[in-house]
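# Breakdown of the fold
Listed here are the chains, written in short residue letters.
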Amino acid sequence: MISIDDALQIALSAHRGQKDLDGNPVILHPLTVGLAGRNREEMIAGFLHDVVEDTSLTFDDLRAAGVDEPIIEVLQLLTHDKNGIPYEEYVKRIAASGNETAIRVKYNDLTHNLMRGKKGGHLKQVAKHEEALKIIAPLVK
């Protein structure tokens, strides 16, 4: 079973050197999403939610690092295949899953992305995240 500290180390290493649209270190986003988690699973999934999507790490790499299978399942739901499925469909898939951890982490992710988008003037991203939040927010318990 992976610890929160281990998940932090994986995220820090995986995102090392990456910058976001505003030139800030990418790691600040997964740190914010992870810290918004209410329990161990939400925190670990938050820290790792962009690792497979935005780095060279795979789900098998995360398994080898000791990430629990229920958290891998959450991360699989949260990983958007940008070439395969439209964003709205991806968000609806998370909503339809009924996976409370994935829904909470996506809510935390969208909330932070919305704040960052507004601050940076990224209107296209703001609109996308506002629409996604309409799908996810009603499901958050």
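Structure shown above.
About the cut-offs
Counting restarts for each chain, with residues numbered from 1 along the sequence as it is written. Totals for whole chains, interfaces and linings use all residues, but because this is a predicted model, local features are given only for residues with pLDDT of at least 70 and pairs of side-chain atoms are given and counted only at 80 or more. Note: side-chain values were computed over all heavy atoms of the structure, leaving out hydrogens and water. Helix numbers and strand numbers start at the N terminus; a helix is a DSSP run of H or I with at least 4 residues, a strand a run of E with at least 2. Whenever two N or O atoms come within 3.5 Å, that pair is a polar contact, provided that in protein one can donate a hydrogen and the other can accept it, and provided that, for residues adjacent in sequence, both atoms are side-chain atoms. A fitted line through C-alpha atoms represents every axis, and for helices the fit uses only the stretch in contact; the resulting angles, taken between N-to-C directions, go from 0 to 180 degrees. Angle categories: roughly parallel below 35 degrees, roughly antiparallel above 145, roughly perpendicular from 65 to 115, and oblique for all the rest. Handedness of each helix crossing follows the sense of rotation of the near helix against the far helix: counterclockwise by less than a right angle gives left-handed, clockwise gives right-handed. By the convention used here, residues are in contact when the closest approach between their heavy atoms is within 4.5 Å. Under the scheme applied, nonpolar residues are Ala, Val, Leu, Ile, Met, Phe, Trp, Tyr, Cys and Pro; charged residues are Asp, Glu, Lys and Arg; polar residues are all the others, including Gly. In the sections that follow, a salt bridge refers to a side-chain nitrogen of Lys or Arg positioned within 4 Å of a carboxyl oxygen of Asp or Glu. Only protein chains enter the accessibility calculation, which uses a 1.4 Å probe; a residue whose area is less than 20% of its type maximum is buried, one above 50% is exposed, and one in between is partly exposed. Any pair of Phe, Tyr and Trp rings, taking the six-membered ring for Trp, is counted once the centres come within 6.5 Å. Such a pair is stacked with planes under 30 degrees apart, edge-to-face with planes over 60 apart, and tilted for the rest.

Its location among the elements puts His 49 in the loop between helix 3 (40-48) and helix 4 (51-54). Distance from His 49 to Gly 23, taken between C-alpha atoms, is 20 Å for residues 26 residues apart in sequence. Polar side-chain contacts of His 49 include one of 3.2 Å to the side chain of His 29. Polar side-chain contacts of His 49 include one of 2.6 Å to the backbone oxygen of Gly 46.

The next thing to look at is the packing of helix 6 (residues 69-78) against helix 8 (residues 100-120). Running from amino to carboxyl end, helix 6 crosses helix 8 at an angle of 50°, the nearest separation of the two axes being 9 Å. It follows that helix 6 is oblique to helix 8 by the angle criterion. Viewed along their axes, helix 6 and helix 8 form a crossing whose handedness is right-handed. Note on element contacts: helix 8 touches helix 6 through Thr 101, Ala 102, Val 105 and Lys 106, opposite Val 74, Leu 77 and Leu 78. Among the residues forming the contact of helix 6 with helix 8, the class breakdown is 5 nonpolar, 1 polar and 1 charged.

For the structure shown, the criterion picks out 11 salt bridges. Here Asp 20 makes a salt bridge to Arg 116, at a shortest N to O gap of 3.4 Å. Pair noted here: Asp 20 is in the loop between helix 1 (4-14) and helix 2 (28-35) and Arg 116 is in helix 8, with a separation of 96 residues, a long-range link. On the basis of relative accessibility, which here comes to 24%, the residue Arg 116 falls in the partly exposed class. Its salt-bridge partner being Arg 63, residue Asp 60 comes within 3.0 Å of it at the nearest N-O pair. In this pair, Asp 60 and Arg 63 are both assigned in helix 5 (residues 59-64), 3 residues apart and thus about one turn of the helix distant. Judged by its relative accessible area of 53%, Asp 60 falls in the exposed class. Several salt bridges share partner residues, and in doing so they unite Arg 38, Glu 42, Glu 100 and Arg 104 into one network.

Centre-to-centre distance and the angle between the planes together describe a pair of aromatic rings. Scanning the entire structure with this criterion turns up 1 aromatic pair. With 5.4 Å between their ring centres and 50° between their planes, Tyr 87 and Tyr 90 make a pair best called tilted. Residue Tyr 87 and its partner Tyr 90 are both found in helix 7 (residues 87-97); the two are separated by 3 residues, about one turn of the helix. Side by side, Tyr 87 and Tyr 90 carry an identical accessibility label, which is buried.

These figures come from the coordinates and say nothing about function on their own.
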